[in-house]
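Observations on chain architecture
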Amino acid sequence: MGKKRSSSTRRQRRRKKRRNSNTYLKNILVLLLIIVLILLFAVFFKNFSFKNPITMIKNEFQEKYPKNIYYEDMKKLMEELDQYYTNKIITEKYSDPFEDLKEYYLAKSENIDSNDEFGELLFSFLRSLKDNNSFLLSEGFLNQFEILTKDAKVLNDLLKQSNYLKDEDHLLNDGLELSNPLKNIAYIKIPSFDEELRIQDGEKIRSFLENQWDIPYIIIDIRGNQGYSVDYFIENLVFPLSSEVHYMDGEYLVRDENSEKYYSAFSNYLNIDPIHYDTKEIVKKYHLNKSRVKDYSYYRKFSLRSEPAKNLRFHGKIYLLQDEETSFAGDLFSQFCNRTGFATTCGSYTQGYGMDLLPGFYQLPHTKYTIAYSIRSGLNEDGSFNAEKGTFPEIQLNEQDSLLQLIDMLR
């Protein structure tokens, strides 16, 4: 009996031991399962728990735009100017070293928070270049360039997509003045060769001239004129007052042909030779220092031509009054008068930029602001750079009272 009980007890102990072992294994498995579930949940939580709508939109924006779009746009602009900008010599003559300006404005762009604030920073930077052919397109300039480049679809489309600063001060050329200060003088004052007003101003000018054919002198006053329309002065001034064909040619230097990718034949009377000429010819022709043209890849030739008026009735003398604020198409008109003899230029040296023709355009990739900047260096008749020196007057007058001096000369 004692042996039987002993044997039974041993069996019970073994069963109990197996149960304990099974329980232990189950606990281990449960613990492992819990650990696996915790790890899976952690991965799930990490990948998906923050993907609420606001975070998803924010992440999408960050993927679409760099961390600081304003810094990136400013950096892109600096790279563009490094490659194509032609008037660094003017910047460094009248402002700070170009590299210092770059460093300063790049640093400033890192702290910009809005498009409007960035637009103001761009405006300030471009003003600091001291180059009047480099500026941020405002509403007024945008309208004018869209009209001037209407036949250049790629450029025109780019301009239409532009962001721009509001230009509340933009006024059309309502300062056109037509009068007779003396019986023997007709006076035409044109504040701007504005393409938007080319046709309606032309009608007023031609109507005025109908009563001036017997006048011996006409003064055309373009002091302060900074418009861009070549067609304005050709059609409204040269055509009605010419008895012969007037033709002028010119040259300009270019750093890189890609800078002219948005070039537009913005005048019906301007022809640009497509050939790229070696800059060695310019050095030889004008006896320039080779270092002066070392940054330019080639130069181009262009011409400007006008036809004579039918039944011309004016046979007097024309005087063009200019000043140091006369630029762009106004300066080109001064060059035209000096080179063709259409009118006698009077006053002071102009600001220049007429021989550079239109500026180049660059649209910033993120903010869509469009920058106009100098991509050509036009040359004066003596080989000097037009944007640096301006255009000379054949008769120099004191700038403060140049109109009175001229009127006294013609009394």
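Rules of the game
Residues numbered from 1 in each chain as written. Predicted model: local features only at pLDDT ≥ 70, side-chain atom pairs only at ≥ 80, totals over all residues. Heavy atoms only, no water. Buried < 20%, exposed > 50% of the residue type's maximum accessible area, 1.4 Å probe, protein only. Helix = DSSP H or I, 4+ residues; strand = E, 2+ residues; numbered from the N terminus. Pairing = 2+ DSSP bridges. Salt bridge = Lys/Arg side-chain N within 4 Å of Asp/Glu carboxyl O. Contact = heavy atoms within 4.5 Å. Axes fitted to C-alpha atoms, helices over the stretch in contact; angles between N-to-C directions. Phe/Tyr/Trp six-rings, centres within 6.5 Å; stacked < 30°, edge-to-face > 60°. Lys NZ or Arg CZ within 6 Å of the ring centre and 35° of its normal. Parallel < 35°, antiparallel > 145°, perpendicular 65-115°, else oblique. Left-handed = near helix turned anticlockwise from the far one by under 90°. Nonpolar A, V, L, I, M, F, W, Y, C, P; charged D, E, K, R; others polar. Right-handed = clockwise from strand over helix to strand, strands pointing away.

A few words on the pairing of strand β11 (residues 370-373). Burial of the side chains of β11 extends over both faces: Thr 370 and Ala 372 are buried on one face and Ile 371 and Tyr 373 on the other. Relative to β11, strand β1 (residues 135-136) runs antiparallel, the two sharing two bridges. Looking at β11, one finds that Leu 136 is bridged to Ile 371. Two elements, strand β10 (residues 360-363) and β11, share four bridges in a ladder whose sense is antiparallel. The residue bridging Gly 360 from the neighbouring strand is Tyr 373, located in β11.

Counted according to the given criterion, the structure contains 14 salt bridges. Glu 210 is paired through a salt bridge with Arg 313; the nearest N and O atoms lie 3.0 Å apart. Here Glu 210, found in the loop between α9 (198-209) and β4 (217-221), pairs with Arg 313, found in the loop between β7 (298-306) and β8 (317-322); they are 103 residues apart in sequence, far enough to count as distant. The exposure class assigned to Glu 210 is partly exposed, which follows from its relative accessible area of 42%. Residue Arg 313 is classed as partly exposed on the basis of its relative accessible area, which comes to 43%. For Asp 295, the salt bridge identified is with Lys 294, shortest N-O distance 3.4 Å. Here Lys 294 falls in the exposed class, since its relative accessible area comes to 59%. Several salt bridges share partner residues, and in doing so they unite Asp 82, Lys 88, Glu 99 and Lys 102 into one network.

Here we come to the sheet that holds β11. Strand order in the open sheet made by the three strands is β1-β11-β10, with antiparallel pairing throughout. Lying at the two open borders of the sheet, with one neighbouring strand each, are β1 and β10. Those strands touched by helix α3 (residues 69-84) are β10 and β11, and its axis lies near 25° from that of β11.

Before going further, it helps to examine the environment of Glu 244. Inspection of the secondary structure assignment puts Glu 244 in the loop between α10 (230-241) and β5 (246-254). Between the C-alpha atom of Glu 244 and that of Leu 312, which follows or precedes it by 68 residues, the distance is 9.7 Å.

With that out of the way, let us pick up the packing of aromatic side chains. Here the structure, examined in full by the defined rule, presents 20 aromatic pairs. An aromatic cluster of at least three residues, connected via ring pairs, comprises Phe 193, Tyr 232, Phe 233, Phe 333, Phe 336 and Phe 342. Taking the ring centre of Phe 385 as reference, the NZ or CZ of Arg 292 above it sits at 3.8 Å. For the cation-ring pair, Lys 301 lies above Tyr 277, with the distance from its terminal atom to the ring centre recorded as 4.3 Å.

Where α10 meets helix α12 (residues 329-340), the axes come as close as 9 Å, and the angle between the chain directions of the two elements is 50°. Our classification of the angle between α10 and α12 gives oblique. Where α10 crosses over α12, the two elements pack in a sense that is right-handed. Touching Val 230, Phe 233, Ile 234, Leu 237 and Val 238 of α10 are Ala 329, Leu 332, Phe 333 and Phe 336, all from α12. Of the residues in the contact of α10 with α12, the class split is nine nonpolar, no polar and no charged.

Our focus in this paragraph is the pairing of β8. As a general feature of sheets, a regular strand has side chains that alternate between the two faces. Counting buried residues in β8 gives five out of six residues, a clear majority hidden from the surface. Taken together, the five bridges between β4 and β8 define a ladder with parallel strand orientation. Note that in β8 the partner of Ile 220 across the bridge is Leu 320. Pairing of β8 with strand β9 (residues 344-347) involves four bridges; the strand directions are parallel. Looking at the pairing, Tyr 319 lines up with Thr 344 of β9. As for the winding sense of the linkage, the β-α-β connection from β8 through α12 to β9 is right-handed.

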